[in-house]
Number of protein chains: 2
Amino acid sequence: MTMDHQIQPKDSMRVPEPTLRRLPWYLSNVKLLKQKGERYVSSTQISRETNIDASQIAKDLSYVDISGRTRVGYEVDTLITVLEQFLGFTDIHKAFLFGVGSLGGALLQDSGLKHFGLEIVAAFDVNPALVGTSLNGIPIFHSDDFVQKMHEYDVHIGVLTVPIEIAQCITDTMISGGIKAVWNFTPFRIRVPENIVVQNTSLYAHLAVMFNRLNFNEFK
Amino acid sequence: MTMDHQIQPKDSMRVPEPTLRRLPWYLSNVKLLKQKGERYVSSTQISRETNIDASQIAKDLSYVDISGRTRVGYEVDTLITVLEQFLGFTDIHKAFLFGVGSLGGALLQDSGLKHFGLEIVAAFDVNPALVGTSLNGIPIFHSDDFVQKMHEYDVHIGVLTVPIEIAQCITDTMISGGIKAVWNFTPFRIRVPENIVVQNTSLYAHLAVMFNRLNFNEFK
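Residues numbered from 1 in each chain as written. Chains lettered and ligands numbered in written order. Predicted model: local features only at pLDDT ≥ 70, side-chain atom pairs only at ≥ 80, totals over all residues. Heavy atoms only, no water.

With respect to the overall build of chain A
Helices and strands together make up the secondary structure of chain A, namely eight helices and nine strands. Projected onto its principal axes, the C-alpha coordinates of chain A cover approximately 65 × 50 × 35 Å. Looking at chain A as a whole, 52% of its 220 residues qualify as buried. Contacts in chain A between residues at least 24 apart in sequence constitute 59% of all its contacts with a sequence separation of at least 6. Of the roughly 10,100 Å² of accessible surface on chain A, 49% is carried by carbon and sulfur atoms. Side chains of chain A carry 20 positive and 23 negative charges; the gap between the two charge centres is 8 Å. (Helix = DSSP H or I, 4+ residues; strand = E, 2+ residues; numbered from the N terminus. Buried < 20%, exposed > 50% of the residue type's maximum accessible area, 1.4 Å probe, protein only. Contact = heavy atoms within 4.5 Å. Areas by Shrake-Rupley, 256 points an atom, 1.4 Å probe, with all protein chains shown as cover. Lys, Arg positive; Asp, Glu negative; His and termini not counted. Charge placed at Lys NZ, Arg CZ, Asp CG, Glu CD.)

Quick look at the environment of Ala 95 of chain B
Residues and elements named next belong to chain B. One can find Ala 95 in strand β3 (residues 93-98). Placed 64 residues apart in sequence, Ala 95 and Val 159 show a C-alpha to C-alpha distance of 6.9 Å. With residues up to four places along the chain from it excluded, the contact list for Ala 95 reads Leu 118, Glu 119, Ile 120, Val 121, Ala 122, Val 155, Ile 157 and Val 159.

Examining the UniProt feature "binding site: NAD(+)" (unreviewed entry) in chain A
All names here are of chain A. Under the UniProt annotation, "binding site: NAD(+)" (unreviewed entry) lies at Gly 99, Val 100, Gly 101, Ser 102, Leu 103 and Gly 104. Lining of the largest cavity among the annotated residues: Leu 103. As for its position among the elements, Gly 104 is in helix α5 (residues 102-108). (UniProt positions renumbered as here; feature names shortened; annotations may be inferred. 1 Å grid on protein atoms, 1.4 Å probe; cavity = no way out; pocket = protein on both sides within 12 Å on 5 of 7 lines; lining within 4 Å.)

Side note on helix α2 (residues 43-50) of chain A
All names here are of chain A. Listed as buried for α2 are Ser 43, Gln 45, Ile 46, Ser 47 and Thr 50. As for α2, its buried residues are in contact with α1 (17-35), β1 (40-41), α3 (54-62), β2 (74-75) and α4 (76-86). Phi turns positive one or two residues past the end of α2, at Asn 51, with a value near 65 degrees.

Considering the domain arrangement of chain A
When the domains of chain A are assigned, the result is domain 1 (3-86) and domain 2 (93-204). Placing the centre of domain 1 of chain A and that of domain 2 of chain A at their C-alpha centroids yields a distance of 32 Å. (Domains from an automatic or database assignment.)

Section: the sheet that holds strand β5 (residues 134-135) of chain A
Residues and elements named next belong to chain A. An order of β5-β6-β4-β3-β7-β8-β9 is seen for the seven strands of this open sheet, with the pairing classed as mixed. A strand with exactly one partner marks an edge of an open sheet, and here the two such strands are β5 and β9 (197-200). Relative to strand β7 (residues 157-160), strand β3 (residues 93-98) runs parallel, the two sharing four bridges. Residue pairing across strands places Ala 95 opposite Ile 157, the latter belonging to β7. (Pairing = 2+ DSSP bridges.)

Some points on the environment of His 206 of chain B
Along the chain, His 206 of chain B turns up in helix α8 (residues 203-219). In contact with His 206 of chain B, not counting residues within four places along its chain, are Arg 21, Trp 183, Gln 199, Asn 200, Thr 201 and His 206 of chain A.

Here we look at the relation of the copies chain A and chain B
With an RMSD of 0.0 Å, the operation that places chain A on chain B is a rotation of 180 degrees combined with a shift of 0.0 Å along the axis. Here the copies are linked by what is in effect a two-fold axis. If distances are taken from each C-alpha of chain A to the rotation axis, the shortest is found for Ala 106 of chain A, at 2.2 Å. Both copies present the same face, since 100% of the interface residues in chain A are matched by interface residues at the equivalent positions in chain B. (Least-squares fit on C-alpha atoms with pLDDT ≥ 70 in both.)

Notes on the interface of chain A and chain B
Listed per partner, the contact involves 67 residues of chain A and 67 residues of chain B. Both faces combined, the contact of chain A with chain B buries some 6,600 Å², and carbon together with sulfur accounts for 67% of it. Considering only the surface of chain A that becomes buried against chain B, Arg 189, His 206 and Arg 213 of chain A emerge as the three largest contributors, covering 11% of it. In this structure, the connection of chain A to chain B is made through zero salt bridges. Taken together, the connections running from chain A to chain B amount to 18 residue pairs in polar contact (both at pLDDT 80 or more). Per element, the largest residue contribution to the side of chain A that touches chain B is 14 residues, and it comes from helix α8 (residues 203-219) of chain A. Of the residues contributing to the side of chain A that touches chain B, the split by class is 36 nonpolar, 19 polar and twelve charged. (Buried area = accessible area lost by both parts, 1.4 Å probe. Salt bridge = Lys/Arg side-chain N within 4 Å of Asp/Glu carboxyl O. Polar contact = N/O pair within 3.5 Å; in protein donor to acceptor, adjacent residues only side chain to side chain. Nonpolar A, V, L, I, M, F, W, Y, C, P; charged D, E, K, R; others polar.)

Overview of the packing of aromatic side chains
For any pair of aromatic rings, the description rests on two quantities: the centre-to-centre distance and the angle between the ring planes. Scanning all chains against the criterion turns up 20 aromatic pairs over all chains. Their ring planes at 80 degrees and their centres at 5.0 Å tell us that Phe 96 of chain A and Phe 124 of chain A sit as a pair that is edge-to-face. Of the two residues, Phe 96 of chain A is situated in strand β3 and Phe 124 of chain A in strand β4 (residues 118-125); the sequence distance between them amounts to 28 residues. Residues Phe 96 of chain A and Phe 124 of chain A agree in their burial class; the two are buried. Aromatic ring contacts, followed pair by pair, group Phe 96, Phe 98, Phe 124, Phe 141, Phe 146 and Tyr 153 of chain A into a single cluster. The cationic tip of Lys 149 of chain A hangs over the ring face of Phe 141 of chain A; the distance from NZ or CZ to the ring centre is 4.1 Å. Between the NZ or CZ atom of Arg 189 of chain A and the centre of the ring of Trp 25 of chain B, over which it lies, the distance is 4.5 Å. (Phe/Tyr/Trp six-rings, centres within 6.5 Å; stacked < 30°, edge-to-face > 60°. Lys NZ or Arg CZ within 6 Å of the ring centre and 35° of its normal.)

The following block contains the structure:
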């Protein structure tokens, strides 16, 4: 009783970023429903749980190429599988991390990223106290060894957790070494060639928004 | 030779979230210029460095209530001070963290958050192996002790790093205990009353965007 579905993204269709950010919400919601024993789920049901418009949900799911059935909706198991594959969580994407400071070290210790498809296989720093050691089983090499390590590992993603002074310089080095996507955790806006993917995750920007809203609520 | 400026946000003006997310970029950029010995900076100069439109930058900075001078621009030292205060990075905001799993533990070890105004003063979990211990000097209490600890600490912010199954339940507990802002790191969309601030930082959603773009570049 499986449903017809395709797990490949539709050709030449660039999924909008807001959609890609909402899909993991639907996924975690549907996973919960599965735990509760549900076998089918409708966009109306997801809408009730997430406070997102049902028509928006249907539109977002249309990118995923899964079809629901009138009345019963989407099959829970299939939807989970299709979403996880579509979002890239079932493949392992290897990554290098640059800058084993406080945040970099913290990320090396977060093994949870692996469940969502990211495996940091090595880290780079120039600190003699760190080079040659490992953290959570992940080796830390000297930054000078990066190009050599690119030949040893099959890596396309670089996680950037260096001080802002060298954020651009390290980015340039990464890219000339063959890195195709930079996950930028620094509060610095890096510049990259057009064909390079950048995902900015500035915890500090998120803090700024939170502090501001908190202040606003307090004094309004 | 100080300039006239006010560090309070203008009354009743709700700063747009995109502005709040861009301001830390300007801040880190101006900090770099200071290191290079610059004393004044114009929005054109920041624009060149960040690839953001100069008029957008001027508009964003208009919320901050700092005025530049014709020809010379903004004074670097003042701009840094004003931005840091406006973004809330100079005050210490105390927070509790809920869920000392892989990501929660990692965040406890990221002392860097303190430089941006967030101090996690205690954490909560139910794991008997964790309760009563501490991580990076931060005590871990049993979740049942949360309400009591709210009386001991002056805390308004809760960092949410629990499994999705209990994300909503822990959020409800936090809020009924007096938490005013939730920094949600789970991929679950939590529901809160209108007066409660939520900032979602889903690393997994960011991964999904990055994987998708990487795939798209590869096959286009």
